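Residues per chain, in single letters:
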Amino acid sequence: MLVLFTDFGLEGPYTGQMTAVLQQAAPAVPVVSLFADLPAGQPKPAAYLLAAYAAWFAAETVFLCVVDPGVGSDRGALIVEADGRFYVGPDNGLFEIVRRRAARSRVWQIAWQPPALSASFHGRDLFAPVAARLARGEAPASLGRQTQAMPQPGWPDDLAEIVYIDRYGNAMTGLRGETVAPGARLSAGGRELPRAETFSAMPQGAAFWYVNSNGLVEIAINQGRADRVLNLAIGTSIEIVS
């Protein structure tokens, strides 16, 4: 399986162009779009989402990951293997949390080059063809040389910030639910929030936090938009207060 993980948005041709490359180069491999609306140009929040969501996919899945504000610069281009799954994308921290949490990981600097490489769309011209080759069974060593990814030592193991806001206004954090005590209260948007197991456990309009279906702490309002009511945005800090 090939999985798209990008900040391209839901408009425009970018996802379609990358999918076309994948279908031409690996027509027998199904393509799944996981995220097309990651925080634009922000590898850090995307890294925590990738680590949480990739765990649901089988070994040998290939993730085509493009959150690449440095496209066209001298930033590296990587293949990462972590616990049997493969990731292709820029060396800008996007794979930091996946690698850190993996029992084992290896990294290759992509050496393969396409006949034509645009300065602004490496997702289509470089990363998609490499991902397709991996999905067809080519070895990473045939596409690059083993190396080390650029470390991000300042990034915590769990990020107490908003990393994604869904279409309902629910605000995901980079905190794994297992790291927060069940009885803890969180501070966000100037309010202290209790934990609830489900939306329906809270009165309509009440704000709370819960552990979402992918294991991340999420802030929500029953039948309301937490982002608007609590003034939450990507990068807003939260605090565990009790």
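Anything mentioned here points back to the structure above.
Please read all numbers here as calculations on a predicted model, not as lab measurements.

### A few points about the packing of helix α1 (residues 14–25) against helix α4 (residues 122–135)
Next, step 1: Across the interface, α1 lies against α4 with an axial gap of 9 Å and an inter-helix angle of 35°. When the axes of α1 and α4 are compared, the crossing they make is right-handed. Side by side, α1 and α4 meet where Gln17, Met18, Val21, Leu22 and Ala25 of the first sit next to Gly123, Arg124, Ala128, Pro129, Ala131 and Ala132 of the second.
Next, step 2: Considering only residue class, the contact of α1 with α4 consists of 8 nonpolar, 2 polar and 1 charged.

### Let's talk about the sheet that holds strand β13 (residues 216–221)
Next, step 1: Judged by pairing direction, the sheet is antiparallel, and its 4 strands sit side by side in the order β8-β9-β13-β12 without closing on themselves. Lying at the two open borders of the sheet, with one neighbouring strand each, are β8 (159–165) and β12 (207–211). Going from strand to strand, the sheet's axes swing by 30° on average, the running direction of each strand aside.
Next, step 2: Here β12 runs beside β13; their pairing, made up of 5 bridges, is antiparallel. Each residue of the ladder has a partner; that of alanine 207, found in β13, is isoleucine 221.
Next, step 3: On top of the sheet, helix α2 (residues 43–54) reaches β8, β9 (171–176) and β13; it is set at about 85° to β8, its chief contact.

The rules we used
- Residues numbered from 1 in each chain as written.
- Predicted model: local features only at pLDDT ≥ 70, side-chain atom pairs only at ≥ 80, totals over all residues.
- Heavy atoms only, no water.
- Axes fitted to C-alpha atoms, helices over the stretch in contact; angles between N-to-C directions.
- Helix = DSSP H or I, 4+ residues; strand = E, 2+ residues; numbered from the N terminus.
- Left-handed = near helix turned anticlockwise from the far one by under 90°.
- Contact = heavy atoms within 4.5 Å.
- Nonpolar A, V, L, I, M, F, W, Y, C, P; charged D, E, K, R; others polar.
- Pairing = 2+ DSSP bridges.

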